[in-house]
Amino acid sequence: MPKLERIQIELTSRCNERCIHCYIPKNDGNQDMDSGLLWSILDQCWGMGLEQIVFSGGEPMLHPDFWKIIEHEIWNNCKVRVFSNLTLLDDNLADELKKWNVHEVQASLYSVIPAIHDAVTKLPGSCEKTKRGIEMLAGKGVPVFVSCPITKINKGSYPDVLSFARQLKLRSVPGDLIMAQSNRNSGNLEYRLNIVEAMQVIQDVLDNDTAYDAERFSPEYHNPDTIPRCVQNVCESMICINAKGEVVPSPEWHYVLGDLNKQTLKDIWGKSSRLKRVQSISLEDFPKCQSCHNIVFCGMGLGLNANENKVGDPFVIPTHICELAEATRKLVHSHRSKQKETA
């Protein structure tokens, strides 16, 4: 049995932002994880020797026990990451995050222009609060990763976000592909970039961002023997727990593997037939993908597949993903050819 090394805990489904692209259904945003259950889960994590715990939401700082969680003594032996919009961060909490040696805080900044950022979050003033939170943590030496999910609204803003992060000596990359909500509502996809728009972003990255180019389109990533991310390491060493206490493969994929209100984490990890099935998924479950020229450029994932399928089938790949992979391959190969010609 593989070792459980990492876990992501959704402390609350509540959020003070209403991001237009979010995969969390709007009517699912009003539950905090029960405090008794939360502390039981943390004790179980301690007993299983986890190496990393991620606290997310919703907005995790809305959970009434967030302060106590950060102060928990077990973090001396476990890397803790926090996914937050930082709009609720104050100087005292920033000091606590520094004091307890939080491994990393991840925050999404959609634009340095308030009108654009706030149009994505639907929370007036959120841009300035998030920027201030990032600057505050960076000033105290707390590691921050600045993500920038790209939508139709902020597609021209990500270079300035990357520049903002670099000035603070922080890591930052353009964000992941937007996916439908976990209840299979696809209304948020109206904000997803179409193929032409996505290629414009990738071309810009290839032309101007050598660091991200090397990470995303490295020679190793081109290796056709490499198993794509969509079927690699699914639940191999990590699982997620939503605010209800249900164990799921990933935050966006609401496929329940077990219920911590009724079972222990150890039992779910070791005995869940659903989890074992997910762990067994491989490229062999996608016959057409095995001979696909575009596979190393494919960004599909099991949760993405399920959310964009009417019956939640994770083995049905959305047409958009295949088209995007093909367009990306052609663009990257063309870019590499031009580089060789001018070398």
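This text follows the structure it describes.
Residues numbered from 1 in each chain as written. Predicted model: local features only at pLDDT ≥ 70, side-chain atom pairs only at ≥ 80, totals over all residues. Heavy atoms only, no water.

Quick notes on the overall build of the chain
- Each helix and strand counted, the chain has 14 helices and 9 strands in total.
- A globule of 343 residues ought to have a C-alpha radius of gyration of about 20 Å, and the chain, at 20 Å, matches this closely.
- When its C-alpha atoms are laid out on the principal axes, the chain stretches across 60 × 45 × 35 Å.
- By residue count, 52% of the 343 residues in the chain fall in the buried class.
- Considering only contacts in the chain between residues 6 or more positions apart, those separated by 24 or more positions represent 70%.
- When the accessible area of the chain is evaluated, it comes to approximately 16,400 Å², of which 50% is carbon and sulfur surface. (Helix = DSSP H or I, 4+ residues; strand = E, 2+ residues; numbered from the N terminus. Rg over C-alpha atoms; globule rule 2.2 N^0.38 Å. Buried < 20%, exposed > 50% of the residue type's maximum accessible area, 1.4 Å probe, protein only. Contact = heavy atoms within 4.5 Å. Areas by Shrake-Rupley, 256 points an atom, 1.4 Å probe, with all protein chains shown as cover.)

Section: the packing of helix α7 (residues 195-208) against helix α14 (residues 319-342)
- Relative orientation of the contacting elements α7 and α14 amounts to 35°, with a least axis distance of 10 Å. Crossing handedness for the pair α7 and α14: right-handed. In this structure, α7 contributes I195, A198, M199, I202, Q203, L206 and D207 to the contact, and α14 contributes H320, E323, L324, A327, T328, L331, V332, H335 and R336. (Axes fitted to C-alpha atoms, helices over the stretch in contact; angles between N-to-C directions. Left-handed = near helix turned anticlockwise from the far one by under 90°.)

Considerations on the environment of N261
- Mapping N261 onto the fold places it in the loop between β9 (258-259) and α10 (265-271).
- Linking N261 and I41, residues 220 residues apart in sequence, is a C-alpha distance of 9.8 Å.
- Leave out the neighbours within four places in its chain, and N261 touches L37, K244 and G245.
- Among the polar contacts listed, one links the side chain of N261 to the backbone oxygen of K244, at a separation of 2.8 Å.
- One polar contact links N261 to D259, side chain to side chain, over a distance of 2.8 Å. (Polar contact = N/O pair within 3.5 Å; in protein donor to acceptor, adjacent residues only side chain to side chain.)

Side note on the layout of surface pockets
- Considering only enclosed or pocket space, the second largest pocket measures out at about 230 Å³ in volume.
- Forming the walls of the second largest pocket are 16 residues, and the residues nearest its centre are K288, C289, C292, I317 and C322.
- Mapped by element, the contributors of at least two residues to the lining of the second largest pocket are α12 (287-290) and α14.
- Looking at the lining of the second largest pocket element by element, the count peaks at 5 residues for α14.
- Split by residue class, the lining of the second largest pocket holds 12 nonpolar, 1 polar and 3 charged. (1 Å grid on protein atoms, 1.4 Å probe; cavity = no way out; pocket = protein on both sides within 12 Å on 5 of 7 lines; lining within 4 Å. Points joined across faces, edges and corners; volume = space filled by probe spheres on them. Nonpolar A, V, L, I, M, F, W, Y, C, P; charged D, E, K, R; others polar.)

Considering the pattern of salt bridges
- As enumerated under the stated definition, the model contains 13 salt bridges in all.
- The salt bridge involving R14 is made with D32; its shortest N-O contact spans 2.9 Å. On the criterion of sequence distance, the pair formed by R14 in the loop between β1 (6-10) and α1 (35-47) and D32 in the loop between β1 and α1 is long-range, its members being 18 residues apart.
- You can call R14 partly exposed: its relative accessible area is 27%.
- In this structure, the salt-bridge partner of K68 is D65, at a minimum N-O distance of 3.9 Å.
- Salt bridges here are not isolated pairs; linked through shared partners, they connect R81, E104 and R171. (Salt bridge = Lys/Arg side-chain N within 4 Å of Asp/Glu carboxyl O.)

What about the sheet that holds β1?
- The 9 strands are arranged β6-β5-β4-β3-β2-β1-β7-β8-β9 in an open sheet whose pairing can be described as mixed. Where the open sheet ends on each side, the last strands, each with one partner, are β6 (171-174) and β9.
- Of the pairings in the sheet, the one linking strand β3 (residues 79-83) to strand β4 (residues 104-108) comprises 3 bridges and is parallel in character. When the sheet's bridge partners are listed, V82 is paired in β4 with V105.
- In the packing of α1 onto the sheet, contacts are made with β1, β2 (52-56) and β7 (238-241), and the angle to β1 comes to roughly 175°. (Pairing = 2+ DSSP bridges.)

Re the packing of aromatic side chains
- According to the stated counting rule, one finds 2 aromatic pairs in the structure shown.
- On the numbers, 5.4 Å between centres and 20° between planes, the contact of W253 with Y255 is stacked.
- Judged by relative accessible area, which is 5%, W253 ranks as buried.
- Consider the rings of F286 and F315, whose centres lie 5.7 Å apart with planes at 45°: the pair is tilted. You can see F286 sitting in the loop between α11 (273-280) and α12 and its partner F315 sitting in the loop between α13 (302-307) and α14, a full 29 residues away along the chain.
- You can call F315 partly exposed: its relative accessible area is 30%. (Phe/Tyr/Trp six-rings, centres within 6.5 Å; stacked < 30°, edge-to-face > 60°.)

Some details on the side chain of E246
- Tracing the chain through its elements places E246 in strand β8 (residues 246-248).
- One buried charged side chain, E246, makes no salt bridge at all; its nearest oppositely charged neighbour is K244, positioned 4.8 Å away.
- A distance of 2.9 Å separates a polar atom in the side chain of E246 from a polar atom in the side chain of N242.
- Looking at E246, its side chain comes within polar contact range of the side chain of H254, at 3.0 Å.
- Contact partners of E246, with chain neighbours within four places excluded, come to C240, I241, H254, V256, G258 and D259. (Lys, Arg positive; Asp, Glu negative; His and termini not counted.)

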